[in-house]
Amino acid sequence: MADDGRVIPPGGTIGIVGGGQLGRMAALAAAPLGYRCHIFCPDADSPAEQVADKATVAPYDDAEALDRFAAEVDVITYEFENLPTEAFARMGRKAPVRPHWRCLETTQHRVTEKDFINAQGIGTAPYRLVRGPDELAAALEAIGTPAVLKTTRLGYDGKGQVGIEPGDDPAEAWAAMNGDEGVLEGFVDFRCEVSAIIARGLDGKTAAFDVVENRHANHILATTTAPASISGDLARDAQAMAATLADALDLVGLLAVEMFVTTDDRLLVNELAARPHNSGHWSIDACHASQFEQFVRAVCGLPLGDPARHSDAVMTNLLGDDVDQWQTMVADPNAHLHLYGKAEARPGRKMGHVTRVNPIAE
Ligand code: AMP
């Protein structure tokens, strides 16, 4: 079934593929609008399941379980995107999949993604597809060093990434990547990293959040500051790029666009995510409508809410045992604590976040 453009009225059930914190916060935002959520996740007692109406606990490759799930919900969306697109196409025969699974086809592969971005007239770091150490050596000749070698698929939070400095051995870098296909990217000398998150409704209308600044530690997002310390013109350009990309994908839902601001003030896109994004969590406590509310509104076909920022904000991820400081944070009236209900605080695991807000003076 192609998406028939139907509106899912309150009372309907949103099927969410993936049971992590993004699904949890989406389900929490769906409830006040009168929706139920049904989570599909291989793990029992997932962060999303804990706050949802129903869960199917089955592996992502269990076609029968996916079929049953799809038959029980009114619309399907995802917070975990590393499912084969065929699985979404199959579920799409039973209920609309929003954003459309074709958006995933574009964003799941780093080279397809960058080709798509460049085709819209938007810049990225220089890049080359490489399928072995010889192709890597040739790509290094073309792009130069320093450079970053990344797996084309399934990379996140710096996994599957290798920095290459002048004089490094391409064969060693290739072995360190530990994959059979990679993309070599020129290293961007950036002033800061920002992201633009935009919601796009079923009617094609868009609503962009303020552009925010992201700091990473060990390749994992550490803090997001809203707004970003960039000029108004650059921020508007970033939002316009996000709108161009969302329109070109014909996306219904949320698009997060991670970008580098170069030292000479150009915007280069690093990565896209067709779902709620960690760098949008601040919006829960600092915007009239959060990214999760916009996500629910978009996939259900409701008009979008107002993404305007009523407060400046700094969001800090709580990784691993950072979460042990919850007592201090929960006692701070200025700090909004969000814990994800994960039992085990492994190093680097996203256990929660805290957003400190500062209302904007009238
Ligand atoms: P990614 O997994 O592509 O989001 O990369 C994680 C982080 O690594 C980014 O947020 C940057 O801080 C850094 N990084 C990735 N690619 C590049 C690049 N081409 N140039 C400079 N820094 C990069």
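Residue positions are given per chain, counting from 1 as you read along its sequence in written order. Thresholds applied to this predicted model are a pLDDT of at least 70 for local features of residues and 80 or more for the giving and counting of side-chain atom pairs; totals over whole chains, interfaces and linings are not thresholded and use all residues. Only hydrogens and water are set aside; all other atoms, that is, all heavy atoms of the structure, feed into the side-chain values.

## Some details on the overall build of the chain
Working step 1: For the purposes of this entry, the term helix denotes a DSSP run of H or I that reaches at least four residues, the term strand denotes a run of E that reaches at least two, and both are numbered from the N terminus. Looking only at helices and strands, the chain has 11 helices and 17 strands in total.
Working step 2: Its C-alpha atoms give the chain a radius of gyration of 20 Å, near enough to 21 Å, the size a compact globule of 362 residues would have.
Working step 3: Across its three principal directions, the C-alpha atoms of the chain cover 60 × 50 × 40 Å.
Working step 4: Out of the 362 residues in the chain, the part that is buried amounts to 53%.
Working step 5: Only heavy atoms enter the contact rule, under which two residues are in contact if any of them lie within 4.5 Å. A fraction of 61% describes how many contacts in the chain between residues 6 or more apart in sequence connect residues 24 or more apart.
Working step 6: In this description, accessible areas are obtained by the Shrake-Rupley approach with a 1.4 Å probe, and a residue is regarded as covered only by the protein chains that are shown. Just so you have it, the chain exposes about 15,500 Å², and 48% of that area is on carbon and sulfur atoms.
Working step 7: One way to put it: in the chain the 31 positive side-chain charges average out to a point 5 Å from where the 52 negative ones average out. Our radius of gyration is a C-alpha quantity, and the globule rule it is checked against amounts to 2.2 Å times the number of residues to the power 0.38. Exposure is judged per residue with a 1.4 Å probe applied to protein chains only, and the accessible area is read against the type maximum: over 50% gives exposed, under 20% gives buried, and values in between give partly exposed. Positive charges come from Lys and Arg, negative ones from Asp and Glu, while His and the chain ends are left out of the count. Lysine's charge is taken at NZ, arginine's at CZ, aspartate's at CG and glutamate's at CD.

## Side note on the side chain of Ser311
Working step 1: Following the sequence through the fold, Ser311 ends up in strand 15 (residues 311-319).
Working step 2: In this view, Ser311 contacts Ala286, Val357, Asn358, Pro359 and Ile360; residues no more than four positions away in its chain are not counted.

## Some words on empty space enclosed by the protein
Working step 1: Each cavity reported here is a set of points on a 1 Å grid over the protein atoms alone in which a 1.4 Å probe fits but cannot get out, each pocket an open set with protein on both sides within 12 Å along at least five of seven lines, and each lining residue one with an atom within 4 Å of a point. Grid points are joined across faces, edges and corners, and a volume is the space filled by probe spheres set on the points. Considering all chains together, one arrives at 1 cavity of 30 Å³ or more under this definition.
Working step 2: The space that makes up the largest cavity amounts to roughly 40 Å³.
Working step 3: Around the largest cavity, the lining residues are Ser195, Ala196, Ile197, Phe209, Asp210, Val212, Ser279, Gly280, Trp282, Ser283 and Gln291.
Working step 4: The dominant element in the lining of the largest cavity, judged by the number of residues it contributes, is strand 9 (residues 190-200), at 3 residues.
Working step 5: Grouping the amino acids of the lining of the largest cavity by side-chain chemistry returns 5 nonpolar, 5 polar and 1 charged. Residues are sorted three ways: Asp, Glu, Lys and Arg are charged, Ala, Val, Leu, Ile, Met, Phe, Trp, Tyr, Cys and Pro are nonpolar, and all the rest, Gly among them, are polar.

## Things to note about the sheet that holds strand 1 (residues 13-17)
Working step 1: Strand pairing is assigned whenever DSSP detects at least two bridges linking the two strands. On the basis of which strands lie adjacent, the open sheet formed by 4 strands has the order 3-2-1-4 and parallel pairing. Two strands bound the open sheet, and with one partner strand each, they are strand 3 (54-57) and strand 4 (75-78). Here the average twist between neighbouring strands, direction ignored, is 20 degrees.
Working step 2: The pairing of strand 1 with strand 2 (residues 36-41) spans 5 bridges and is parallel. Opposite Ile14, over in strand 2, you have Cys37 as the bridge partner.
Working step 3: With axes taken as lines fitted to C-alpha atoms, and helix axes fitted only over the stretch in contact, angles between N-to-C directions fall between 0 and 180 degrees. With respect to the sheet, helix 10 (residues 291-300) is in contact with strand 1 and strand 4, its orientation differing from that of strand 4 by roughly 140 degrees.

## A short note on the site of the ligand
Working step 1: In the vicinity of the ligand there are 15 residues, among which Lys150, Gln161, Val188, Glu193 and Glu271 approach most closely.
Working step 2: Glu193 places a side-chain nitrogen or oxygen 2.5 Å from an oxygen atom of the ligand.
Working step 3: In this structure, Asn270 approaches the ligand through a side-chain N or O atom, which is 3.2 Å from an oxygen atom.
Working step 4: Coverage of the ligand by the protein chains reaches 93% of its 480 Å² of free accessible surface. Residues are counted as near a molecule or strand when any one of their heavy atoms sits within 4 Å of it. Residues adjacent in sequence count toward polar contacts only when both atoms are side-chain atoms; beyond that, a polar contact is any pair of N or O atoms within 3.5 Å, and within protein one must be able to donate a hydrogen and the other to accept it.

## Considering the domain arrangement of the chain
Working step 1: Each assigned domain of the chain is listed here: domain 1 (13-97), domain 2 (126-186) and domain 3 (190-359).
Working step 2: In this structure, domain 2 and domain 3 have C-alpha centres spaced 28 Å apart. Where each domain starts and ends comes from a domain assignment, either automatic or drawn from a database.

## Section: helix 6 (residues 133-143)
Working step 1: For helix 6, the full list of buried residues reads Leu136, Ala139 and Leu140. Axial view of helix 6: buried residues confined to an arc of 105 degrees, hence all on one face. Across helix 6 from its buried face, at more than 90 degrees, point the exposed residues Asp134 and Glu141.
Working step 2: Among the structural elements, strand 5 (127-130), strand 6 (147-151), strand 7 (161-164), helix 7 (170-177) and strand 8 (182-186) are those in contact with the buried residues of helix 6.
Working step 3: Two residues or fewer after helix 6 comes Gly144, characterised by a positive phi angle close to 85 degrees. This arc describes the spread of directions from the helix axis toward the C-beta atoms.

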